[in-house]
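# Secondary and tertiary structure notes
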Amino acid sequence: MSPRYRIAEAAALLGVSDDTVRRWVDSGRLPASRDGGGPAHVDGADLARLAAGLHEAPEPGATRGSSARNRLTGIVTRVVRDTVMAQVEIQAGPFRLVSLMSREAADELGLDVGVRAVATVKATQVSVDVP
């Protein structure tokens, strides 16, 4: 079963406002469901599909200052595994990150489409944590 996210969580993962996510839900662009009268939830796989379509690169110079210890929270949009390695793609706001890791690490972290993950970027290495 895919993880579920509240509207505010989905907005944070996509780098947009809560109101933007609500408009997408209201327009049918992003499916959401409610349990009884509770808050709306978005399926992680649906959120990942939307995130994958939003990954336009930012304009040069549009990003804030950065350091070698950047941590980008996002949602896993694709995982390709073979017998030894895994390729994990994460959409963190407007940024698409790709990490190559052992299959064992991806399995232990439970990395699948729709899972929230934190990419730590240092030089040319991207490490992935699960909060």
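Residues numbered from 1 in each chain as written. Predicted model: local features only at pLDDT ≥ 70, side-chain atom pairs only at ≥ 80, totals over all residues. Heavy atoms only, no water.

## With respect to the packing of aromatic side chains
Evaluation of the coordinates by the stated rule reveals zero aromatic pairs. A cation over an aromatic ring shows up here: R29 above the ring of W24, its NZ or CZ 4.7 Å from the ring centre. (Phe/Tyr/Trp six-rings, centres within 6.5 Å; stacked < 30°, edge-to-face > 60°. Lys NZ or Arg CZ within 6 Å of the ring centre and 35° of its normal.)

## So, the pattern of salt bridges
For the structure shown, the criterion picks out nine salt bridges. Note that D46 is salt-bridged to R49, the shortest N-O span being 2.4 Å. Of the two residues, D46 and R49 both sit in helix 3 (residues 44-53), three residues apart, roughly one turn of that helix. Put simply, R78 and E89 hold a salt bridge, and the shortest N to O gap is 3.1 Å. Here R78 is found in strand 4 (residues 70-81), whereas its partner E89 is found in strand 5 (residues 85-92), with eleven residues between them in sequence. E89 sits in the buried class, given a relative accessible area of 8%. (Salt bridge = Lys/Arg side-chain N within 4 Å of Asp/Glu carboxyl O. Helix = DSSP H or I, 4+ residues; strand = E, 2+ residues; numbered from the N terminus. Buried < 20%, exposed > 50% of the residue type's maximum accessible area, 1.4 Å probe, protein only.)

## Concerning a nonpolar patch on the surface
Together, V84, M85, V98 and L100 make up an exposed nonpolar region whose accessible area comes to about 370 Å². Mapped onto the fold, V84 is located in the loop between strand 4 and strand 5. (Patch = residues over 30% accessible without salt bridge, like charges linked within 9 Å, V, L, I, M, F, W, Y side chains within 5 Å. Areas by Shrake-Rupley, 256 points an atom, 1.4 Å probe, with all protein chains shown as cover.)

## Brief notes about helix 2 (residues 18-27)
Count 3.6 residues to each turn of an α-helix, and residues three or four apart come out pointing the same way. Of the positions making up helix 2, those classed as buried are T20, V21 and W24. Seen along its axis, helix 2 keeps its buried residues to an arc of 100°; they face one direction. Exposed side chains of helix 2 directed beyond 90 degrees from the buried face belong to R23 and D26. Buried residues along helix 2 sit against helix 1 (7-14) and helix 3. (Arc of directions from axis to C-beta. Contact = heavy atoms within 4.5 Å.)

## Here we look at the side chain of Q91
Summarising the element assignment, Q91 is placed in strand 5. At 3.4 Å, the side chain of Q91 forms a polar contact with the backbone oxygen of F95. (Polar contact = N/O pair within 3.5 Å; in protein donor to acceptor, adjacent residues only side chain to side chain.)

## Points about the packing of helix 1 against helix 3
Here helix 1 crosses helix 3 at 30°, and the two axes come no closer than 11 Å. Here helix 3 runs roughly parallel to helix 1, going by the angle between their axes. Seen from above, helix 1 lies across helix 3 with right-handed handedness. Within the contact between the two elements, helix 1 uses A10, L13 and L14 and helix 3 uses L47, L50 and A51. (Axes fitted to C-alpha atoms, helices over the stretch in contact; angles between N-to-C directions. Parallel < 35°, antiparallel > 145°, perpendicular 65-115°, else oblique. Left-handed = near helix turned anticlockwise from the far one by under 90°.)

## Considering the confidence of the model for the protein chain
This prediction gives the protein chain a mean pLDDT of 85; 86% of its residues lie at or above 70. Within the model, the stretch residues 60-68 combines pLDDT values under 50 with five contacts to residues more than four positions away or in other chains. (pLDDT = per-residue confidence, 0-100.)

## Some thoughts on the sheet that holds strand 1 (residues 4-6)
By definition, the strands of a sheet pair up through backbone hydrogen bonds, in either a parallel or an antiparallel sense. Strand order in the open sheet formed by three strands is 1-3-2, and the pairing between neighbours is antiparallel. The open sheet has two edge strands, strand 1 and strand 2 (33-34), and neither has a second partner. Of the pairings in the sheet, the one linking strand 1 to strand 3 (residues 40-43) comprises three bridges and is antiparallel in character. Bridge pairing links R4 to D43 in strand 3. Contacts from helix 1 reach strand 1 and strand 3 within the one sheet, and its direction differs from that of strand 1 by about 95°. Packing of helix 3 onto the sheet brings it into contact with strand 1 and strand 3, and relative to strand 3 it is tilted by some 65°. (Pairing = 2+ DSSP bridges.)

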